[in-house]
Amino acid sequence: CRGLIGAPPCSLDALNRTTLAKARKVLTEAEYDANPFGEEDSFDWQGDVATVLENIVSRLDVDLLLLNSGLWGELTDEESVEEIFKAGDSAVAHTNGRKFWKRTTKRFRCAGGARRCHRDQWGPEAMGDSVPLAAAARHGWEVYDAAAATAPLERDSFADG
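Note that the coordinates shown come from a computational prediction; the quantities given were computed from them, not determined experimentally.

Undergrad: If you had to explain the state of the cysteines to someone new, which residues and values would you point to?
TA: In a disulfide, the sulfur atoms of two cysteines are covalently bonded to one another. One pass over the structure, following the stated rule, counts one disulfide. In this model Cys110 forms its disulfide with Cys117; the gap between the sulfur atoms is 2.3 Å. The S-S bond linking Cys110 to Cys117 shows a torsion near -95°; that makes this disulfide left-handed. Cys117 sits in the partly exposed class, given a relative accessible area of 23%.

Undergrad: Tell me about the environment of Gly140, and name the residues and values.
TA: Mapped onto the fold, Gly140 is located in the loop between α5 (130-139) and β5 (142-145). Overall, Gly140 belongs to the exposed group, its relative accessible area being 57%. For the pair Gly140 and Phe100, spaced 40 residues apart in sequence, the C-alpha separation works out to 9.1 Å.

Undergrad: Any details on a negative patch on the surface? Residues and values, ideally.
TA: Among the surface-exposed residues, Asp48, Glu54, Asp77, Glu78, Glu79 and Glu83 lie close enough to one another that they form a single negatively charged patch. It is helix α4 (residues 78-93) that contributes the most residues to the negative patch, three residues altogether. By secondary structure assignment, the location of Glu54 is in helix α3 (residues 49-55).

Undergrad: Tell me about α4, residues and numbers included.
TA: Taking 1.5 Å per residue, 16 residues should reach 22 Å; α4 reaches 22 Å between its end C-alpha atoms and fits that length. The set of residues buried in α4 consists of Val81, Glu82, Ile84, Phe85, Ala87, Gly88, Ala91 and Val92. Buried residues along α4 sit against α3, β1 (64-67), β2 (98-103) and α5. Where α4 starts, the residue carrying a side-chain oxygen 3.0 Å from the main-chain nitrogen of Glu79 turns out to be Asp77.

Undergrad: Residue-level account of the nonpolar core, with values.
TA: With 21 residues, the main nonpolar core has Leu53, Leu65, Leu67 and Phe85 as its most contacted residues. Looking at this core, the elements with two or more residues in it are α3, β1, α4 and α5. For this core, the element with the highest residue contribution is α4, accounting for six residues. Among residues more than four places away in sequence, those in contact with Leu65 are Leu53, Gly88, Val92, Arg98, Lys99, Phe100 and Trp141.

The rules behind these values
- Residues numbered from 1 in each chain as written.
- Predicted model: local features only at pLDDT ≥ 70, side-chain atom pairs only at ≥ 80, totals over all residues.
- Heavy atoms only, no water.
- Disulfide = S-S within 2.5 Å.
- Buried < 20%, exposed > 50% of the residue type's maximum accessible area, 1.4 Å probe, protein only.
- Helix = DSSP H or I, 4+ residues; strand = E, 2+ residues; numbered from the N terminus.
- Patch = residues over 30% accessible without salt bridge, like charges linked within 9 Å, V, L, I, M, F, W, Y side chains within 5 Å.
- Areas by Shrake-Rupley, 256 points an atom, 1.4 Å probe, with all protein chains shown as cover.
- Salt bridge = Lys/Arg side-chain N within 4 Å of Asp/Glu carboxyl O.
- Lys, Arg positive; Asp, Glu negative; His and termini not counted.
- Charge placed at Lys NZ, Arg CZ, Asp CG, Glu CD.
- Expected span 1.5 Å × (residues − 1).
- Contact = heavy atoms within 4.5 Å.
- Polar contact = N/O pair within 3.5 Å; in protein donor to acceptor, adjacent residues only side chain to side chain.
- Core = buried A, V, L, I, M, F, W, Y, C linked by side-chain atoms within 4.5 Å.

Below, the structure written as structure tokens:
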């Protein structure tokens, strides 16, 4: 949403492919190479989310932070989730940025754990994001419920995994 003169207010509802393309932030070489731990230490970009939010995202002048756990699976460790939300708060504090927890779509799995099956054999999995939802409420994050749109579709939605 940054730098869009005359653009509609920054909201998830107002974002479309064109708006996102104009607003995207591409890391510069210096930002990509930034090492928050000093020259002699290494930084693993696949490290924990809280560290990346605190040390990398905070340098990027982010004005909208959207997090979800779609590929991470269910987040149940309250201490780790709290660290992520605190780091997210800190990452956008200097820009007064908006923060969203994005609920993911319901997953469907094959009955009996099979890798592939006809969709009439799919069974829904629970959403499993109660711990992040509670953290979002405590930290004043907005919730973007991407799952709401697909909930009535049941088996006609897509399958993760």
